[in-house]
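A structural walkthrough
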Amino acid sequence: MIRFFDIILSFFGIIIVSPILIIASIILFITGHKIFFTQIRVGQGNKHFKVIKFTTMSENAERIDFNNISFENDTRYFSFGKILNKTKINELPQLFNIILGDMSFIGPRPLVPETFYNYYTKEAQDTIIKIKPGLSGISSVVFRDEDIIRSKTTLSNEDFARQYLFPYKGEIEKWQVINHTLKNYFLLIILTIIAILFPKNQFHKKLFKNLPAPPKTIQSLL
C-alpha cells in the first residue's frame with residue numbers, strides 16, 4: 001500500500017514542484033555548475049543505488065573532504081548551493097528515485113556505504129535495510145538543522161558523528177523501521193512540511209512519545 005502512495009504522491013509531487021526544478025536547473029546551468037549530483041547510497045536489502053540531488057558544492061568538493069561531513073558555513077558550498085541546501089530544494093530530485101523504486105517518501109535516510117553507514121552499529125545496519133530509505137523520515141525531522149547542531153560542539157565533525165550523533169541516529173532509524181505504518185507514513189510527511197516551514201517546532205515529540213530519548217550530549221544541542 002505504501003508503494004502505491006509513493007508512486008501517486010511522487011508523480012503529483014514532480015508536477016507540483018516542476019517550476020522549482022526547472023528554475024533551479026536553469027540557474028545551475030547558467031552559473032556554470034553541474035545540475036545534478038549523484039552518489040552511491042545503501043538501499044533496501046543492502047542494495048546500492050545512485051541518489052539524485054541538485055549540485056550544491058563546487059566541483060570535486062561535494063563529498064571528498066571532511067570525511068563526507070558537511071557543516072554550517074561549509075566553504076565548499078557555492079552561493080546558490082547554500083540556498084538549495086538550506087531550503088532542502090536540493091533533495092527534490094529524489095522524487096525520481098522514488099518513482100524508480102529505490103526510495104520511499106518516508107524511511108531511514110540513505111547513507112554513503114563507506115562512511116556514515118559504517119558509523120551505525122551492526123544492529124542498526126541490519127534493521128534499516130529492511131525497508132526502503134526515505135526522502136524524509138523521523139531522522140530528517142529530528143535533525144532538520146544537522147549542520148547547525150554540529151557547529152555547536154567543540155569536537156571535530158567526524159568525532160562528534162562517530163561518538164554521539166550516529167549512535168543516536170541509529171536508534172532513531174530503528175524506531176522508524178519498527179513503527180513503519182501507513183498512519184506514521186502520512187504523519188511524517190506532514191511533520192516534514194511543518195519542519196521546513198517552522199524549523200523550531202517540536203510537534204514530533206507530542207505525536208511520537210515513544211521516541212528513543214537522546215543522550216545528554218545530543219539533547220543539549222537539539
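Residues numbered from 1 in each chain as written. Predicted model: local features only at pLDDT ≥ 70, side-chain atom pairs only at ≥ 80, totals over all residues. Heavy atoms only, no water.

**So, the side chain of E173**
Within the secondary structure layout, E173 lies in helix α8 (residues 157–178). Look at E173: it is buried, it has no salt bridge, and the nearest opposite charge is K169 at 6.4 Å. Look past the residues within four positions of E173 in its chain and what remains in contact with it is P108, R109, Y120, I128, I138 and S139. (Helix = DSSP H or I, 4+ residues; strand = E, 2+ residues; numbered from the N terminus. Buried < 20%, exposed > 50% of the residue type's maximum accessible area, 1.4 Å probe, protein only. Lys, Arg positive; Asp, Glu negative; His and termini not counted. Salt bridge = Lys/Arg side-chain N within 4 Å of Asp/Glu carboxyl O. Contact = heavy atoms within 4.5 Å.)

**Some thoughts on the pattern of salt bridges**
A complete count under the given rule lists 5 salt bridges for this structure. With its nearest N and O atoms 3.5 Å apart, the salt bridge here joins K53 to E91. Of the two residues, K53 is situated in strand β2 (residues 48–54) and E91 in the loop between α2 (79–87) and α3 (94–100); the sequence distance between them amounts to 38 residues. The exposure class of K53 is buried, given its relative accessible area of 8%. Residue E91 pairs with R109 through a salt bridge whose shortest N-O separation is 3.2 Å. Linking E91 in the loop between α2 and α3 with R109 in the loop between β3 (104–106) and α4 (116–119), this pair joins segments that are 18 residues apart in sequence. Comparing E91 with R109 shows no difference in burial state: the two are buried.

**Observations concerning the packing of aromatic side chains**
Scanning the model with the defined rule gives 12 aromatic pairs in all. Each ring, one from F4 and one from F5, has its centre 5.3 Å from the other, and the planes form 75°; the classification is edge-to-face. By relative accessible area, F5 is classed as partly exposed at 22%. Relative to F166, the ring of Y120 has its centre 5.6 Å away and its plane inclined at 50°; by these criteria the two rings are tilted. Taken together, the residues Y120 in the loop between α4 and α5 (122–128) and F166 in helix α8 connect sequence positions 46 residues apart. With respect to class, Y120 is no different from F166; both count as buried. Aromatic ring contacts, followed pair by pair, group F4, F5, Y185 and F186 into a single cluster. One cation-aromatic arrangement involves K169 over F143; the distance from NZ or CZ to the ring centre is 5.6 Å. Directly above the ring of F166 sits K169, whose terminal nitrogen or CZ lies 5.0 Å from the centroid. (Phe/Tyr/Trp six-rings, centres within 6.5 Å; stacked < 30°, edge-to-face > 60°. Lys NZ or Arg CZ within 6 Å of the ring centre and 35° of its normal.)

**Focus on helix α1 (residues 2–30)**
The largest bend along α1 reaches roughly 60° and is located at V17, with the proline P19 sitting one to four residues downstream. Restricting attention to buried positions, one finds in α1 the residues I2, D6, S10, G13, I14, V17, L21, A24, S25 and L28. Those residues of α1 that are buried lie in contact with β2, α2, α3, β3 and α9 (182–197). Positive phi appears at G32, one or two residues downstream of α1, with a value of about 85°. (Bend = angle between axes of the 7 residues up to and from the residue.)

**Quick notes on α9**
Here α9 is 16 residues long and its end C-alpha atoms lie 23 Å apart, about the 22 Å a rise of 1.5 Å per residue gives. Restricting attention to buried positions, one finds in α9 the residues N184, Y185, L188, I189, L191, T192, I194 and A195. Considering only its buried residues, α9 is in contact with α1, β3, β4 (134–136), α6 (138–142), α8 and α10 (203–207). (Expected span 1.5 Å × (residues − 1).)

**Considering the pairing of strand β1 (residues 36–42)**
Bridge count for β1 against β2 is 7 bridges, and the pairing is antiparallel. Bridge pairing links T38 to I52 in β2. Counted between consecutive antiparallel strands, the loop separating β1 from β2 contains 5 residues, among which G45 sits at a positive phi close to 70°. (Pairing = 2+ DSSP bridges.)

**Some thoughts on the nonpolar core**
If you look at the biggest cluster of nonpolar residues, it comprises 47 residues, and the most contacted ones within it are L95, F105, I138, F143, F166, L188 and F208. Of all the elements, α8 adds the most residues to this core, at 7 residues. Leave out the neighbours within four places in its chain, and F105 touches D6, L9, S10, L95, I98, G134, L135, S136, Y185 and I189. (Core = buried A, V, L, I, M, F, W, Y, C linked by side-chain atoms within 4.5 Å.)

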